[in-house]
Number of protein chains: 2
Amino acid sequence: PERLIDNVVKFAHKVEKLGKDDPRRIIHSIKVGLTLSLVSLLYYFRPIYGGFGSSTMWAILTVVVVFEYSVGATLGKGFNRALATFVAGGLGFGAHHLATLAGDKGQPAILWFSIFLLATVASFARFFPGVKARYDYGVLIFILTFCLVSVSGYQDDEILELAHKRVTTIIIGCLTCVIMSIFVFPVWAGHDFHNLIARNIEKQADFLQGFGDLYFGTKGDTDMSWLHGYRSVLNSKTAEEAMANFARWEPPHGKFRFGHPWKQYLEIGAMTRQCAYRLEALSNCIIPDMKEPSEFKKIITQSCMEISIESGKGLQEISSAIKKMTYPFTVSAHIMKAKNAADDLHTALEAVTLENTNILEDVMPAASVTSLLI
Amino acid sequence: PERLIDNVVKFAHKVEKLGKDDPRRIIHSIKVGLTLSLVSLLYYFRPIYGGFGSSTMWAILTVVVVFEYSVGATLGKGFNRALATFVAGGLGFGAHHLATLAGDKGQPAILWFSIFLLATVASFARFFPGVKARYDYGVLIFILTFCLVSVSGYQDDEILELAHKRVTTIIIGCLTCVIMSIFVFPVWAGHDFHNLIARNIEKQADFLQGFGDLYFGTKGDTDMSWLHGYRSVLNSKTAEEAMANFARWEPPHGKFRFGHPWKQYLEIGAMTRQCAYRLEALSNCIIPDMKEPSEFKKIITQSCMEISIESGKGLQEISSAIKKMTYPFTVSAHIMKAKNAADDLHTALEAVTLENTNILEDVMPAASVTSLLI
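A.B. asks: Any details on the overall build of chain A? Residues and values, ideally.
C.D. replies: Tallying secondary structure elements over chain A gives 14 helices and zero strands in all. Scanning chain A from its N terminus toward the C terminus, one meets helices and strands in the order α-α-α-α-α-α-α-α-α-α-α-α-α-α. Element-wise, carbon and sulfur atoms account for 66% of the exposed surface of chain A, whose accessible area totals about 18100 Å².

Given below as structure tokens:
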């Protein structure tokens, strides 16, 4: 029993941490609970509104599947679901009608073949990268709805009534989700994405500003963990792409107007990653010899420190400019200073050295990020 | 109309390419089509087997949602679905029964509250990274089933019959998927994963073996595209983790026995990525000065070429050893040679130079990969 209590305590701490890291998670969970119980109330409206009967099920199903963490994801899924249901319902009804005309013998054969054909083609479509990224869920629902409608053994007019009810409940489900996610403590994917990009650049700025001190040993070995903050950037590609996808679904909100250039965010992200690869290479040089600085090292110390600190400051500027969405006026000054220091270094040395080339290249992405911001 | 034809031709080429890149995609699509039409036949079995009636729907729904590209993914989803349906069905029935006892007034309140509570808790559980990775789908189905069962306005015994039918059809759906995916042209995620890891290492070996020639300009500037094959490794983390997840669901097959160490594959993958970051830094040094080799460059040419080629050969060995699942006996020889060359370089130079440090560090991951293979 002691071990049990131990585990329970551990679990509670985990839950607490998860909630503290991002309190919006708790709010989101409560939102899902509320929406679901709201929708399930539909069932009790039977006497007033003709009654949806067992079609209420579809509203519940829709809410469970469509409600996502961010507004963009919810909108995207809701849109996919509504459109796919509508189109597939129409097609399925057509197939069913056609099959009925073919008589009792032909009907199963036609239906069977049409399901086979449609499912095969649609499954293949899911392999297209473009479809996969934005419409994967829609295609799934498309196959599903088509099968359900065309196979159901009802008469044509029965189907129409059923379809009417289902489409209504699905749309009610979608709308409830969308309204809840937009108007009750919304979590904007675009907003998160924006901050993520800015924070990633900031992490690199931190690294660059601290790198000089560490490498040249002018400061004692203190806490190193902040140094590797930039490492999360290395593997952020998939997350960034997903967020950009969601962000594109979102309506204008706050400082993000319609047609916000999310694609450029991806480009900045890619550059940030390029820069992170270089930082990774740089940070690998820190550990080896910390004790006695060689003659060579002493020569380069001054300029290298300056390059690293100035490019760090430049990145910092860029990051805060992105956050505030202003033009980073002072960045070019920092980059100029870094470039000058690099030139000094160049003249001081004949041979190209490790620190020099790498940091020079670090300045380049910084410069291009700036130019991207226009 | 000409433009239309143009677009159609373009589209056809795209489809062709997609199919040629991996013919298993076409087979997979046909498999989905077949499975779906098979399951929809259930509907016609009405007279023989008491009839599933509208419950056939659930079999179709299951197939559409559960059938995935690889065996592991299908098994994982099928397992999630079956288990979640079963547990949630039981809980839902309990809640429904309890609510019935509370009388006409209390029933809606209890149901409403239980749905709210369960949906909130379950939604929150989806934020746990462990749950998210393996049981995300199961939790979704759990919420769904619980809502459907507890809200349905049926009598207790009606529910039981309905639940029986639904569970049967869902299990039929899951089984059909699993059987189709395992026995008809299976796509093993584990197999793909294994090859991916080996191929990634091979790409790096290619790069290292070609790097020397390019950097020191002993060979003319030929086709460069093969050189950047390793770039796909940089962002492969998410894909690798997903594959490892799927692979863990798969039963033993071929040369992969039960309890295959997929986790170690992930570690090798992480090391390969570390190595790729360094290669990225190296490849950035290729472009700048191709023309006149400096005095300094001439000194290091010999040893650097040897380091790069020997570590390339070492990686090649490792890659083919992984492919064949044998112990790479000859690798240590290559690594020794590379290390010797590095020592030569060290003695030849006082100052630490770019090529030296980076390649030295390249040898390290190669060595650790070897040791991981045991």
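A.B. asks: An account of helix 1 (residues 2–21) of chain B is requested, with residue identities and associated values reported.
C.D. replies: Helical geometry note: an α-helix holds 3.6 residues per turn, so side chains three or four residues apart project in the same direction. Compared with an ideal rise of 1.5 Å per residue, which puts 20 residues at 28 Å, helix 1 of chain B spans 29 Å between its outermost C-alpha atoms and is within 8% of the ideal. With two of 20 residues buried, helix 1 of chain B lies mostly on the surface of the structure.

A.B. asks: For the side chain of B:E240, give the residues involved together with the corresponding values.
C.D. replies: Here B:E240 lies in helix 10 (residues 237–249). Dropping the residues within four chain positions of it, B:E240 is found in contact with B:F193, B:L196, B:I197, B:N200, B:L266, B:G269 and B:R273.

A.B. asks: I'd like a description of the nonpolar core, backed by residues and values.
C.D. replies: Ranked by internal contacts, the top residues of the largest apolar core, which has 72 residues, are A:L36, A:W58, A:I60, B:L36, B:W58 and B:I60. Aside from chain neighbours lying at most four places away, what touches B:I60 is A:L144, A:C147, A:L148, A:V151, B:L36, B:V39 and B:S40. B:L196, B:A205, B:W262 and B:Y265 belong to the second-largest nonpolar core, a separate cluster that totals 15 residues.

A.B. asks: Break down the side chain of A:K31 for me, citing the residues and quoting the values.
C.D. replies: Residue and element names in this part refer to chain A. By secondary structure assignment, the location of K31 is in helix 2 (residues 24–41). A polar side-chain atom of K31 sits 3.1 Å from the main-chain carbonyl oxygen of V184. The residues contacting K31, other than those within four sequence positions of it, are F67, M180, S181, V184, F185 and P186.

A.B. asks: Explain the confidence of the model for chain A to me, and be specific about the residues and the numbers.
C.D. replies: All names here are of chain A. Here chain A averages 72 in pLDDT, and 65% of its residues register 70 or above. Overall, residues 287–292 carries pLDDT values under 50, and its contacts beyond four positions in sequence, including any with other chains, amount to two contacts. Under a pLDDT of 50 for its full length, residues 349–374 has, in the predicted model, 63 contacts with residues more than four places off or in other chains.

A.B. asks: So what's going on with helix 2 (residues 24–41) of chain B? Which residues, and what values?
C.D. replies: In a regular helix each residue adds 1.5 Å, so 18 residues correspond to 26 Å; helix 2 of chain B covers 26 Å between its end C-alpha atoms and thus fits that length. Residues of helix 2 of chain B that are buried include every one of B:R25, B:H28, B:S29, B:K31, B:V32, B:G33, B:T35, B:L36, B:S37, B:V39 and B:S40, and no others.

A.B. asks: Run through the state of the cysteines, naming residues and quoting values.
C.D. replies: As used in these notes, a disulfide is a covalent bond between sulfur atoms, one from each of two cysteines. Throughout the structure, instances matching the rule amount to zero disulfides over all chains. Between A:C147, a free cysteine, and B:C177, which holds the nearest cysteine sulfur, the sulfur-to-sulfur gap is 12 Å. Residue A:C147 is classed as buried on the basis of its relative accessible area, which comes to 2%.

A.B. asks: Provide a residue-level description of the pattern of salt bridges, including the pertinent values.
C.D. replies: All names here are of chain A. Summed over all chains, the structure comprises six salt bridges over all chains. The residue D136 makes a salt bridge to R126 at a minimum N-O spacing of 2.9 Å. Of this pair, D136 sits in helix 6 (residues 129–151) while R126 sits in the loop between helix 5 (103–125) and helix 6; the two residues are 10 residues apart in sequence, bridging distant segments of the chain. The exposure classification of D136 matches that of R126, with both residues buried.

A.B. asks: Break down the packing of helix 2 of chain B against helix 3 (residues 56–66) of chain B for me, with residues and values.
C.D. replies: All names here are of chain B. Here helix 2 crosses helix 3 at 170 degrees, and the two axes come no closer than 9 Å. Taken together, helix 2 and helix 3 sit at an angle that is classed as roughly antiparallel. Two secondary-structure elements touch here, helix 2 through T35, L36, V39 and S40 and helix 3 through T56, A59, I60, V63 and V64. When grouped by side-chain class, the residues that make up the contact of helix 2 with helix 3 number six nonpolar, three polar and no charged.

A.B. asks: With reference to specific residues and values, describe a nonpolar patch on the surface.
C.D. replies: A grouping of A:I26, A:I30, A:L34, A:L38, A:L41, B:W112, B:F113, B:L117 and B:V121 is seen on the molecular surface, where their side chains present a nonpolar patch of about 760 Å² in accessible area. Listed by contribution, the elements that provide at least two residues to the nonpolar patch are helix 2 of chain A together with helix 5 (103–125) of chain B. Element by element, the count of residues in the nonpolar patch is highest for helix 2 of chain A, at five residues.

A.B. asks: Describe the packing of aromatic side chains, and please don't skip the residues or the numbers.
C.D. replies: Residues and elements named next belong to chain A. Taken as a whole and judged by the stated rule, the model has 14 aromatic pairs over all chains. Geometrically, the ring pair formed by W112 and F116 is stacked, given 6.2 Å between the ring centres and 10 degrees between the ring planes. With a gap of four residues between them, W112 and F116 both fall in helix 5, about one helical turn apart. Here the aromatic rings of F124 and F127 are separated by 6.3 Å at their centres, their planes lie at 65 degrees, and the arrangement is edge-to-face. Side by side, F124 and F127 carry an identical accessibility label, which is buried. One cation-aromatic arrangement involves K77 over Y137; the distance from NZ or CZ to the ring centre is 4.8 Å.

A.B. asks: Before we move on, could you go through the packing of helix 5 of chain B against helix 6 (residues 129–151) of chain B and cite the residues and values that matter?
C.D. replies: Residue and element names in this part refer to chain B. Close contact between helix 5 and helix 6 brings their axes to 9 Å; oriented N to C, the two are set at 175 degrees. Comparing their axes, helix 6 and helix 5 come out roughly antiparallel. Across from L111, S114, I115, L118, A119, A122, S123 and A125 in helix 5, the residues of helix 6 making contact are V131, V139, F142, I143, F146, C147, S150 and V151. Across the contact of helix 5 with helix 6, the residue classes tally to 13 nonpolar, three polar and no charged.

A.B. asks: Let's hear about the environment of B:A109: which residues, and what values?
C.D. replies: Turning to its location among the elements, B:A109 is positioned in helix 5. In sequence terms B:A109 and B:H191 are 82 residues apart; their C-alpha atoms lie 52 Å from each other.

A.B. asks: Kindly report on the environment of A:A84, identifying the contributing residues and their values.
C.D. replies: Residues and elements named next belong to chain A. On the secondary structure map, A84 appears in helix 4 (residues 71–101). According to the relative accessible area criterion, A84 is buried, its value standing at 8%. Residues A84 and T56, 28 residues apart in the sequence, show an inter-C-alpha distance of 19 Å. Among residues more than four places away in sequence, those in contact with A84 are G89, G138, I141 and F142.

What counts, and at which threshold
- Residues numbered from 1 in each chain as written.
- Chains lettered and ligands numbered in written order.
- Predicted model: local features only at pLDDT ≥ 70, side-chain atom pairs only at ≥ 80, totals over all residues.
- Heavy atoms only, no water.
- Helix = DSSP H or I, 4+ residues; strand = E, 2+ residues; numbered from the N terminus.
- Areas by Shrake-Rupley, 256 points an atom, 1.4 Å probe, with all protein chains shown as cover.
- Expected span 1.5 Å × (residues − 1).
- Buried < 20%, exposed > 50% of the residue type's maximum accessible area, 1.4 Å probe, protein only.
- Contact = heavy atoms within 4.5 Å.
- Core = buried A, V, L, I, M, F, W, Y, C linked by side-chain atoms within 4.5 Å.
- Polar contact = N/O pair within 3.5 Å; in protein donor to acceptor, adjacent residues only side chain to side chain.
- pLDDT = per-residue confidence, 0-100.
- Disulfide = S-S within 2.5 Å.
- Salt bridge = Lys/Arg side-chain N within 4 Å of Asp/Glu carboxyl O.
- Axes fitted to C-alpha atoms, helices over the stretch in contact; angles between N-to-C directions.
- Parallel < 35°, antiparallel > 145°, perpendicular 65-115°, else oblique.
- Nonpolar A, V, L, I, M, F, W, Y, C, P; charged D, E, K, R; others polar.
- Patch = residues over 30% accessible without salt bridge, like charges linked within 9 Å, V, L, I, M, F, W, Y side chains within 5 Å.
- Phe/Tyr/Trp six-rings, centres within 6.5 Å; stacked < 30°, edge-to-face > 60°.
- Lys NZ or Arg CZ within 6 Å of the ring centre and 35° of its normal.

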